[in-house]
Amino acid sequence: MRVAIVENTRITHHGQVGVALHEQAALIDLWKPWADNALPTTDAADALVVFGGEQSARDDHTHPYLPALADLMAAYTATGKPVLGICLGSQLLARAFGAENHLGTAPEFGWVDVTLTTDGRADPVLSQVPETFPIFQWHSDTFTLPEGSVHLAHSPTAAHQAFRIGRATYGTQFHFEASRSVVQDWTRTFPDLTDRMSPGWITRHPELARTRGIKADGHGLTLARAWVSLI
């Protein structure tokens with residue numbers, strides 16, 4: 001299989017998604033439109049992954065490729081090819097299908113409990129994890145659900161944590177790619193940003209990683225493998 005991965009910021013970890021793809025010997029094509037505005041075509045790969053970034057899904061003035069990326073996610077979906085949008089990727093996916101982006105209204109950071117909906121418990125990907133599970137979050141924005149999508153998960157702060165469109169297009173607000181190693185690197189690389197999101201994070205991080213983080217690692221890899229199995 002060949003998978004196009006779109007990175008939306010300078011430091012992007014593929015994490016658990018990368019592990020699951022490499023387990024299946026997937027060929028990976030990397031695209032970095034934040035640097036050159038280039039994007040793949042719909043015939044370039046068998047699946048599309050769009051990761052997060054510091055920009056909002058509506059920052060067209062600073063990231064002019066965003067409308068084209070949203071259209072690309074819709075185009076891949078229309079061909080029946082699997083699409084995965086994580087964090088910013090999920091917000092762009094919502095935009096692509098006519099939903100509203102709400103900026104700065106739902107800040108979450110750290111390992112947060114997410115709960116599956118009834119549809120989530122029956123979903124081929126989300127049903128592979130417990131009904132309520134800890135997973136890493138780092139966002140301030142949220143979105144309404146696209147018309148016709150299936151609502152899969154929620155949290156107390158952000159009602160729309162995961163949704164599916166069609167057979168294999170998924171948006172997750174939470175970072176299930178973020179293993180403890182990824183979170184550790186974010187904490188080391190962005191100490192001011194992480195402390196702003198959660199005061200005292202640097203001090204509390206090691207203990208949280210040993211308790212909630214280790215559980216989230218397993219859930220993240222399970223979700224990644226389940227989505228990759230749809231390609």
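Residues numbered from 1 in each chain as written. Predicted model: local features only at pLDDT ≥ 70, side-chain atom pairs only at ≥ 80, totals over all residues. Heavy atoms only, no water.

Draft legend 1. Quick peek at the overall build of the protein. What the protein contains, in helices and strands, is eight helices and eleven strands. By the compact-globule yardstick of 17 Å for 231 residues, the protein fits well, its C-alpha radius of gyration being 16 Å. In terms of its C-alpha atoms, the protein occupies a principal-axis envelope of roughly 45 × 40 × 35 Å. A sequence separation of at least 24 residues applies to 74% of the contacts in the protein between residues at least 6 apart. When the accessible area of the protein is evaluated, it comes to approximately 9,600 Å², of which 51% is carbon and sulfur surface. Side chains of the protein give 17 positive and 24 negative charges; the mean places of these two sets differ by 5 Å. (Helix = DSSP H or I, 4+ residues; strand = E, 2+ residues; numbered from the N terminus. Rg over C-alpha atoms; globule rule 2.2 N^0.38 Å. Contact = heavy atoms within 4.5 Å. Areas by Shrake-Rupley, 256 points an atom, 1.4 Å probe, with all protein chains shown as cover. Lys, Arg positive; Asp, Glu negative; His and termini not counted. Charge placed at Lys NZ, Arg CZ, Asp CG, Glu CD.)

Draft legend 2. The layout of surface pockets, seen in detail. Within this model, the largest pocket holds a volume of roughly 640 Å³. If you trace the largest pocket, you find 25 residues lining it, with Gly 52, Gly 53, Glu 54, Gln 55 and Trp 138 closest to the centre. Contributing elements (two or more residues each) for the lining of the largest pocket: α4 (88-96), β7 (132-139) and α7 (191-197). Counting residues per element, the lining of the largest pocket draws most heavily on α7, which supplies three residues. Split by residue class, the lining of the largest pocket holds nine nonpolar, eleven polar and five charged. (1 Å grid on protein atoms, 1.4 Å probe; cavity = no way out; pocket = protein on both sides within 12 Å on 5 of 7 lines; lining within 4 Å. Points joined across faces, edges and corners; volume = space filled by probe spheres on them. Nonpolar A, V, L, I, M, F, W, Y, C, P; charged D, E, K, R; others polar.)

Draft legend 3. Representation of empty space enclosed by the protein within the structure. Enumeration over the complete set of coordinates arrives at one cavity of 30 Å³ or more. Approximately 50 Å³ is the volume attributed to the largest cavity. Secondary structure elements with two or more residues in the lining of the largest cavity: β11 (169-172) and α8 (201-228). Broken down by class, the residue content of the lining of the largest cavity amounts to eight nonpolar, one polar and no charged.

Draft legend 4. Structural context of the nonpolar core. Core analysis: the largest hydrophobic core is formed by 44 residues, its most contacted members being Leu 126, Phe 133, Phe 136, Phe 174, Phe 176 and Trp 227. Broken down by element, this core gets its largest block of residues, eight residues, from α8. (Core = buried A, V, L, I, M, F, W, Y, C linked by side-chain atoms within 4.5 Å. Buried < 20%, exposed > 50% of the residue type's maximum accessible area, 1.4 Å probe, protein only.)

Draft legend 5. Inspection of the side chain of Gln 55 at higher detail. Positionally, Gln 55 belongs in the loop between β3 (47-50) and α3 (66-78). Side-chain polar atoms of Gln 55 contact the backbone oxygen of Asn 8, separated by 3.1 Å. If we skip the residues at most four places from it in the chain, Gln 55 touches Asn 8, His 63, Tyr 65, Leu 66 and Leu 88. (Polar contact = N/O pair within 3.5 Å; in protein donor to acceptor, adjacent residues only side chain to side chain.)

Draft legend 6. Inspection of helix α6 (residues 180-189) at higher detail. Among the residues of α6, Val 182, Val 183, Asp 185, Trp 186 and Thr 187 are the ones counted as buried. Looking at the buried positions of α6, the neighbouring elements they touch are α1 (15-23), β6 (108-116), β7, α7 and α8.

Draft legend 7. Spatial organisation of unusual backbone geometry. You will see that Asn 37, though not glycine, has its phi angle at about 65°, which is positive. Here Asn 37 shows up in the loop between α2 (33-36) and β3. The residue Cys 87 is not glycine, and still its phi comes out positive at about 55°. In this fold, Cys 87 is placed in the loop between β4 (83-86) and α4.

Draft legend 8. Looking closely at the side chain of His 219. Following the sequence through the fold, His 219 ends up in helix α8. Non-local contacts of His 219, meaning those with residues more than four positions away in its chain, are made with Val 129, Pro 130, Phe 133, Pro 134 and Ile 135.

Draft legend 9. Quick peek at the packing of α1 against α8. Packing of α1 against α8 leaves a shortest axis separation of 8 Å and a crossing angle of 45°. Relative to α8, the element α1 lies oblique. Of the two elements, α1 crosses α8, and the hand of that crossing is right-handed. Only Asp 217, Gly 220, Leu 221, Ala 224, Arg 225 and Val 228 of α8 make contact with α1, whose side of the interface consists of Gln 16, Val 17, Val 19, Ala 20, Leu 21 and Glu 23. Its residues assigned to classes, the contact of α1 with α8 shows seven nonpolar, two polar and three charged. (Axes fitted to C-alpha atoms, helices over the stretch in contact; angles between N-to-C directions. Parallel < 35°, antiparallel > 145°, perpendicular 65-115°, else oblique. Left-handed = near helix turned anticlockwise from the far one by under 90°.)

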